[in-house]
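# Examination of the molecular architecture
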Amino acid sequence: MDVREYDLIVIGGGPGGYTAAIRGAQLGLRVACIEAERSLGGTCLRIGCIPSKALLESSELFRATRDEYAAHGITAEHVRIDLATMLARKDKTVKQLGGGIDHLFKKNKVDRLLGTGRLAGAGRVSVATTEGPIELASSRILIATGSVPATLPGVAFDGDRIGTSTEALTYSEVPKHLIVIGAGAIGLELGSVWRRLGAKVTVLEYLDRILPEMDAEIAAEARRIFARQGLEFQLGCRVTGAQVEGPEAVVAVEGREPVRGDRVLVAVGRKPFTGGLGLETVGIALDPRGRIPVDEHFQTTVAGVWAIGDVIRGPMLAHKAEEEGLACVESMVTGYGHINYDAIPSIVYTQPEVAAVGRSEEQLQKDGVAYKKGAFPFLANGRALAIGHAEGRVKVLADAQTDRILGVHIVGPHAGDLIAEAAVAIEFAATSEDLARSTHAHPTLAECLKEAAAAVSGRAIHA
């Protein structure tokens, strides 16, 4: 069998993998990227971030037309859903973006291999394709295979009534009663989609709060807002099983009555996808959480093999994987690649959005860090009132001694866009005074960030 030689082999064509492949080619490497799916972009593009955001946008437009536009003097009678068109638009968006990555690969001369990659000893990768096996060789192999949905014991997935986010993106009709297991970002986003379109939605969560990775105060406010939108929360629930019984899907909860609906979305997180990679052929052992151990330069315990994204430690975020892909490849070639993990934002694309960057109050308290806090409500912001979305607040946490910004947390309109300014501020070690004294255009939502920063030292003007 012929062996194809490359300077870099990337296993996985998701956000981290395709970004790394392109950057490697830009730096002069001959690169191959192996992806099992026909469409590049990974879970994020095909069955995750992008299709969910398309449905979130469509469903919010429907809800706003039905519930809000009359207050603006816009009357629309007999508003109805064309779900097939909505789903088709989602699919078109995914296809367009996937084709864009194909174009970028061709532009940068990255070899795209359709198949499943597996380590086959030191410096070797075997690729199973529909046309037979291919053998590749390189002194640089990068694993970027992402993650898959986590499962629950006793939950009988049938790919229809009981499924994951993949199925929840393609329901052919609006559920009468959707039961969501898990109150994290995925559960709340897709629960919101189907609630807006008319479903009753019950969210079951093992913990006593929603959004466990977010600042507790902000998460509590978000819960109150979502409850007013009609999401029903049952917290402190230990789900022990789920199965289909005739036309119903029944979820068993320890110490409580079963919850009955017509569909169940299991959204209890994700786990690294490392099966079938042949890690044992080079001597790589997974950590207790099933992740690939790496050092600060993403090097595994074996020379010549690196890993990034969801298969290693840290939050499972597409943009985190992208930045790791860039830093990893740049470190391979130039000797330097860096990421400030304190400046990686997290966003939940509900309405209103929830966003965070840096450390939460709970983390600062746990670590014994003295801090100051400032907050500002969207209700006191002219732009928020003008657009009719004034729920929520901005919260800024700063070091009590140096005033350096340690964390920013937002629940409110366009929080996902506003958090970018906070991420840049943390990246450049800005203080709350720096942010408060920077001129923000009026009227804008960003003024809330300025006012919250001023509130750290008791100088907010409009609250």
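Heads up: the structure comes first, above all this text.
First things first, this report covers the structure right here in the doc. Per chain, the residues get numbers from 1 upward, laid out in the order the sequence is written. Under the rules for a predicted model, residues below a pLDDT of 70 receive no local features and side-chain atom pairs below 80 are neither given nor counted, while totals for whole chains, interfaces and linings still include all residues. Side-chain descriptors were evaluated using all non-hydrogen atoms of the structure, hydrogens and water having been removed beforehand.

### Description of the packing of helix α1 (residues 15-26) against helix α4 (residues 83-108)
Axis definition: a line fit to C-alpha positions, over the contact stretch in the case of helices; interaxial angles, taken between N-to-C directions, run 0 to 180 degrees. Numbered from the N terminus, helices here are DSSP runs of H or I no shorter than four residues, and strands are runs of E no shorter than two. α4 packs onto α1 with a crossing angle of 20 degrees between their chain directions and a minimal axis gap of 9 Å. Considering their axes alone, α1 and α4 lie roughly parallel with respect to each other. Regarding α1 and α4, the two cross each other, and that crossing is left-handed. Residues Tyr18, Ala21, Ile22, Ala25 and Gln26 of α1 lie in contact with α4, whose contacting residues are Ile101, Leu104, Phe105 and Asn108. For classification purposes, angles smaller than 35 degrees are called roughly parallel, those larger than 145 roughly antiparallel, those between 65 and 115 roughly perpendicular, and all remaining angles oblique. Helix crossings fall into two classes, left-handed where the near helix is turned counterclockwise from the far one by less than a right angle and right-handed where it is turned clockwise. In what follows, residue pairs with any heavy atoms lying within 4.5 Å of each other are defined as contacts.

### Some details on the pattern of salt bridges
One speaks of a salt bridge when a side-chain nitrogen belonging to Lys or Arg is within 4 Å of a carboxyl oxygen belonging to Asp or Glu. Evaluated as defined, the whole model comprises 28 salt bridges. Arg393 is the salt-bridge partner of Glu221, the closest N and O atoms lying 2.6 Å from each other. Of this pair, Glu221 sits in helix α7 (residues 216-228) while Arg393 is found in strand β23 (residues 393-399), placing the two residues 172 residues apart along the sequence. To sort residues, take the accessible area from a 1.4 Å probe on protein chains only and compare it with the maximum for the residue type: under 20% means buried, over 50% means exposed, and anything in between is partly exposed. Using a relative accessible area of 25% as the deciding quantity, one classes Arg393 as partly exposed.

### Description of empty space enclosed by the protein
For each structure, a 1 Å grid was placed over the protein atoms alone; sets of points admitting a 1.4 Å probe that cannot get out are labelled cavities, open sets with protein on both sides within 12 Å along at least five of seven lines are labelled pockets, and lining residues have an atom within 4 Å of a point. Grid points are joined across faces, edges and corners, and a volume is the space filled by probe spheres set on the points. Considering all chains together, one arrives at 1 cavity of 30 Å³ or more under this definition. In this model, the largest cavity occupies a volume close to 50 Å³. In terms of lining residues, the largest cavity is bounded by Pro149, Ala150, Ser165, Ile186, Val266, Ala267, Val268, Gly269 and Arg270. Its residues placed into classes, the lining of the largest cavity shows 6 nonpolar, 2 polar and 1 charged. When residues are sorted by character, Ala, Val, Leu, Ile, Met, Phe, Trp, Tyr, Cys and Pro go into the nonpolar class, Asp, Glu, Lys and Arg into the charged class, and all the rest, Gly among them, into the polar class.

### Observations regarding the side chain of Thr350
Looking at the secondary structure, you find Thr350 in the loop between β20 (346-348) and β21 (353-358). Polar contacts, as used here, are pairs of N or O atoms within 3.5 Å; protein pairs need one atom able to donate a hydrogen and one able to accept it. Residues neighboring in sequence count only if both atoms are side-chain atoms. Of note is the side chain of Thr350, whose polar atom sits 2.7 Å from the backbone oxygen of Pro352. With sequence-adjacent residues up to four places away left out, Thr350 is seen in contact with Leu188, Glu189, Ser192, Arg196 and Phe226.

### A word on the side chain of Glu361
Within the secondary structure, Glu361 is located in helix α9 (residues 361-367). Of the residues examined, Glu361 reaches a relative accessible area of 8% and is grouped as buried. A distance of 2.4 Å separates a polar atom in the side chain of Glu361 from a polar atom in the side chain of Tyr371. There is a polar contact of 3.1 Å between the side chain of Glu361 and the side chain of Lys373. Not counting the four nearest positions on each side in its chain, Glu361 is found in contact with Asp215, Glu217, Tyr371, Lys373, Lys395 and Leu397.

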